[in-house]
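# Residue-level structure breakdown
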Amino acid sequence: MRETQYVSLITSDHTEHGAKMKLTKTDQDTLDGILDDMWSMLLRGVTDSSDPFHWPVLGTTGKDGCRLRTVILSKAIQPDHLRVCHTDARAAKAQEIMNFGRVSWLFYHPAKKIQLRIAGSATLHTDDRFADKLWSETKATSRLNYCTVDAPGTPVAKPSSGLPHFLLKKVPSLFETEIGRENFMAIACCIDEVDWLRLSLLGNRRARFRWDAKRLSATWLVP
């Protein structure tokens, strides 16, 4: 999908499943019910910062193997199965995605005991309308993550935020954080596979969902 289409999507509802009624346990024992519940949980992870799905683990492939880190789920765009997070363009994961465009996500909800392992292809967005739109929606305090003088991972002699001094005196304004725009990058992942797992004392349940040219195949798996 081209970035101009991304922009039109993020100006509309996050998901077509947002108005679904709360699913019963019976619904969650059907593949259709699981899929609806999964989209709802991912949407909640975007809108509710206290929800466990707001803090997934993103996995990339580096020269030394798999690299993992916690990110913030910033967008869930349906019906194109897009999940979006942000990064500093100078961070190692940006280069890793450039080299190998497949990424994985790990979500776990401790109260519901539901785990999602999501895989898909990722695109990077810095100097385009999609990134501009996301940057405009980012709070000043979050923009500070992209205002460090040196790149993430740069060695320092003592503990440091890496921020310039003028940003440490008070909560910055949006204007003051504009220096971080050049380092801001959006990672958009188009989901093509989800491995769903629900833990239970009476027996775990597992299912897999795959999309090929937008055609869905779903099956139960032995946990």
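Here, the structure is the one placed above.
The structure displayed is predicted, hence computed values, not measured ones.

Definitions and cut-offs
Every chain begins its residue count from 1, and numbering advances along the sequence as written. Reporting in this predicted model follows two pLDDT cut-offs: at least 70 for local features of residues, and 80 or more for side-chain atom pairs to be given and counted; totals over whole chains, interfaces and linings ignore these cut-offs and use all residues. To get the side-chain values, all heavy atoms of the structure are used, and hydrogens and water are removed first. Strands here mean DSSP runs of E at least two residues long; helices mean DSSP runs of H or I at least four residues long; both are numbered from the N terminus. Burial classes follow relative accessibility: with a 1.4 Å probe on protein chains only, a residue under 20% of its type's maximum area counts as buried, one over 50% as exposed, and anything between as partly exposed. Any two residues whose heavy atoms approach within 4.5 Å at even a single point are treated as in contact. Here, a salt bridge means any Lys or Arg side-chain nitrogen found within 4 Å of an Asp or Glu carboxyl oxygen. A strand pair is defined by DSSP finding two or more bridges across the two strands. We place a 1 Å grid over just the protein atoms. Points where a 1.4 Å probe fits but has no way out form a cavity, open points with protein on both sides within 12 Å along at least 5 of 7 lines form a pocket, and any residue with an atom within 4 Å of a point lines it. Grid points are joined across faces, edges and corners, and a volume is the space filled by probe spheres set on the points. Three classes are used, and their members are as follows: Ala, Val, Leu, Ile, Met, Phe, Trp, Tyr, Cys and Pro are nonpolar, Asp, Glu, Lys and Arg are charged, and the others, Gly among them, are polar.

## Re the overall build of the chain
- Across its full length, the chain carries five helices and nine strands.
- For the chain, the succession of helices and strands along the chain, N to C, is α-α-β-β-β-β-α-β-β-α-α-β-β-β.
- In the chain, which comprises 223 residues, the proportion classed as buried is 43%.
- By sequence separation, contacts in the chain at least 24 residues apart represent 63% of the contacts at least 6 residues apart.

## Comments concerning unusual backbone geometry
- Here the phi dihedral of K113 falls at roughly 55 degrees; this positive angle occurs in a residue that is not glycine.
- Exposure remark for K113: the relative accessible area of 41% places this residue in the partly exposed category.

## Digging into the pattern of salt bridges
- Evaluation of the coordinates by the stated rule reveals 14 salt bridges.
- Here D64 and R67 are joined by a salt bridge, their closest N and O atoms 3.2 Å apart.
- Classification of R67 as partly exposed rests on a relative accessible area of 31%.
- Each of D64, R67, R69 and E96 takes part in salt bridges that share partners, so that together they form one network.

## Let's talk about the pairing of strand β5 (residues 102-109)
- Burial along β5 is one-sided: V103, W105, F107 and H109 are buried, and none of R102, S104, L106 and Y108, which face the opposite way, are.
- Two strands pair when backbone bridges link them, and strand β1 (residues 57-62) and β5 are joined in this way by three bridges, in the antiparallel orientation. In the strand pairing of β5, V57 is matched with L106.
- Taken together, β5 and the strand that follows it, strand β6 (residues 114-125), pair antiparallel across an intervening segment of four residues, in which K113 is found at a positive phi of about 55 degrees.

## Some thoughts on the layout of surface pockets
- Approximately 880 Å³ is the volume attributed to the largest pocket.
- For the lining of the largest pocket, the elements supplying multiple residues, two or more each, are α2 (31-47), β2 (65-70), β4 (82-88) and α3 (92-99).
- By residue number, the principal contributor to the lining of the largest pocket is β4, which donates three residues.
- Its residues placed into classes, the lining of the largest pocket shows 10 nonpolar, 11 polar and six charged.
- Of all the secondary structure elements, the ones that give two or more residues to the lining of the second largest pocket are β1, β2, β5, β6 and β7 (184-198).
- For the lining of the second largest pocket, the residue count by class is 10 nonpolar, four polar and four charged.

Taken by themselves, the reported measurements are silent on function.
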